Amino acid sequence: MSALHALGACALLERYRNRSLSPVDVVRDVIAQIERCEPQLHATWLARPEAALERARESEQRWLRGAPCGLLDGVPLTLKDNIATAGDPTPLGTAALPLVPADEDAPPAARLREAGAVLVSKTTMPDYGMLSSGLSSFHALARNPWDTRKGPGGSSAGAGAAAAAGYGPLHLGTDIGGSIRLPAGWCGVFGLKPSLGRVPIDPPYTGRAAGPMTRSVADAALMMQVLSQPDARDSMSLPPQAIDWQSATAGDLHWLKGLRLGLLLDAGCGLPVDAEVRAAVEDAARRLQDAGAHIEPMRPFLTRAMLDGMDHFWRMRSFTDMQKLLPAQRDKVLPFIRQWADSAAPLSGAEVFNASQQFHATRVATVRACAPYDFVLSPVAPITAFDAELAAPTDDPLRPLEHIAFTVPYNMSEQPAASINCGCSSSGLPIGLQIAGRRFDDLGVLRLAHAFEQLRGPQRPWPMQP
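1. Concerning the overall build of the protein
Then, in step 1: In terms of helices and strands, the protein carries 14 helices and 11 strands.
Then, in step 2: The buried share of the protein, taken over its 466 residues, is 59%.
Then, in step 3: Roughly 17100 Å² of accessible area belongs to the protein as shown, and the carbon and sulfur atoms make up 53% of that amount.
Then, in step 4: Taken as two groups, the 44 positive and 48 negative side-chain charges of the protein have centres that lie 2 Å from each other.

Okay, structure coming up:
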């Protein structure tokens, strides 16, 4: 029998239903796995094993009565640091902020709690979520389960590592430029950045999304049934829609025949694509082509002006945020982030305005480039996981976003995009395939990801198993 901590949510629920497994046993095994791996990974924060076991005991009693409280009753869950939970501080990965307890659950936390999921821990992130690494002035340095010399990516750093290492089946991340997909790709798990507003979040922000990070598409679809429920606190949320999320993993592969898929292997700017990454993505495209899809090469559409404009605007946003801090607080922010933000100080009002316009320019270019296709395939990142101690692949605060050119366009265009493992490098590091869909077609992205999951075959053995 598989270790309980490695079982998927769908499998757990079936066994809870037939009473062949107890949520208490599962949560106990997840806690043991966390205790076994955390000295190496540092993926968790605010772990409360006794509270998790108490929730599991309550769930066990509900299942024995045949009265689960929701769709995820008794399933272990982690939440990213920046998803507020009532009574707990939300440090946002930085030592600069006071640890003030939140008044209420953020929308994703509320929906998952209502559905009966058992929160076993929060997960780590870098300062303010502004790095694609696990480097933080507040949390211990997060590492990648496949190779602890490497980082898990970010900013959903701990979530990616936790999913790969088996800290239960369900993990929630957030994404404003690739922060779900990058760690999912570098940790070999599945991650979905939904359409903007599909999953209500608080506070909302242009491009910001919350979404599932799991070991299977089926578990992500299960989470989306819960996460997509409405919440008035998100002023950018989509109207409630009856979506048959379970249909994402139903049926055969015949629907792939005639599907028009764009293949983007050059983002237009940023780091060049590593040869092994390119080969793995091309192989994934061939598998879909062999199943009947039409693959068409795409020209790059993101420009240096777009990427730099978004970078400069985010620098100014962070610079103004840090000006509100006391000097002693600013001194606690990660030096890389301080340098990056402080570089915006000389920018004029006109320069900041022009930088802000690149968000819309990116949106227009992305929608136009994707319009002829049902879905677009690309690498998630141009490289595999980089050294854990680095803040970014370039390790240069003046060139910090060179690795997000494939992911950030879909945050601005509001399109759903997912990362799914499509192979590994010669050194054993995972490589992620990005699947982007038309705006609002989250279900289609999950459906195509599940089809590829079937064509790819079973995942290689997961890391850090006893």
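Alright, that's what it looks like, and here's the rest.
2. Thoughts on the state of the cysteines
Then, in step 1: Enumeration over the complete set of coordinates arrives at zero disulfides.
Then, in step 2: With no disulfide of its own, Cys422 lies closest to Cys424 among cysteine sulfurs, the gap being 9.8 Å.
Then, in step 3: Note on Cys422: relative accessible area 9%, which makes it buried.
Then, in step 4: Relative accessible area serves as the criterion here: at 39%, Cys424 is assigned to the partly exposed category.

3. Describing the sheet that holds strand 10 (residues 417-424)
Then, in step 1: Spatially, 11 strands are ordered 1-3-2-4-6-5-10-11-9-7-8 in an open sheet, and the strand pairing comes out mixed. The open sheet is flanked by strand 1 (44-45) and strand 8 (294-297), the only strands paired with a single partner.
Then, in step 2: Where strand 7 (residues 260-263) lies against strand 9 (residues 375-379), three bridges are found, and the strand directions are parallel. When the sheet's bridge partners are listed, Leu263 is paired in strand 9 with Leu377.
Then, in step 3: Seen against the sheet, helix 2 (residues 23-41) touches strand 1, strand 2 (76-80) and strand 3 (118-123) and runs at an angle of roughly 20° to strand 3.
Then, in step 4: Against the sheet, helix 5 (residues 157-165) contacts strand 3, strand 4 (170-175) and strand 6 (209-214), and its axis sits at roughly 150° relative to strand 4.

4. Observations regarding the pairing of strand 11 (residues 430-437)
Then, in step 1: Counting buried positions over the eight residues of strand 11 gives eight, a clear majority of the element.
Then, in step 2: Every second residue of strand 11 is oriented toward a common face, with Pro430, Gly432, Gln434 and Ala436 on one face and Ile431, Leu433, Ile435 and Gly437 on the other, all of them buried.
Then, in step 3: In this sheet, strand 11 lies alongside strand 10 in antiparallel orientation, the contact comprising seven bridges. By the bridge assignment, Asn421 is partnered in strand 11 with Gly432.
Then, in step 4: Where strand 10 folds back onto strand 11 in an antiparallel hairpin, the turn is made up of five residues, including Gly428, whose phi is positive at roughly 90°.

What counts as what
- Positions within a chain are numbered from 1, following the residues in the order the chain's sequence is written.
- pLDDT decides what is reported in this predicted model: residues at 70 or higher carry local features, side-chain atom pairs at 80 or more are listed and counted, and totals for whole chains, interfaces and linings draw on all residues regardless.
- Side-chain measures here rest on the full set of heavy atoms in the structure, leaving out hydrogens and waters.
- Here a helix means four or more residues in a row that DSSP labels H or I, a strand means two or more in a row labelled E, and each is numbered from the N terminus.
- Working definition: with a 1.4 Å probe on protein chains only, accessible area under 20% of the residue-type maximum means buried, over 50% means exposed, and in between means partly exposed.
- Note on areas: these come from Shrake-Rupley sampling with a 1.4 Å probe, and a residue is covered only by the protein chains present in the view.
- The positive count covers Lys and Arg only, the negative count covers Asp and Glu only, and His and the chain ends enter neither.
- The atoms used to mark charge sites are NZ of Lys, CZ of Arg, CG of Asp and CD of Glu.
- Criterion for a disulfide: a pair of cysteine sulfur atoms within 2.5 Å.
- Here, a strand pair is defined by DSSP locating no fewer than two bridges between the strands.
- Throughout, a residue-residue contact means that at least one pair of heavy atoms, one from each residue, lies within 4.5 Å.
- For every element, the axis is a line fit to its C-alpha atoms; helices are fit only across the contacting stretch, and the angle between N-to-C directions ranges from 0 to 180 degrees.

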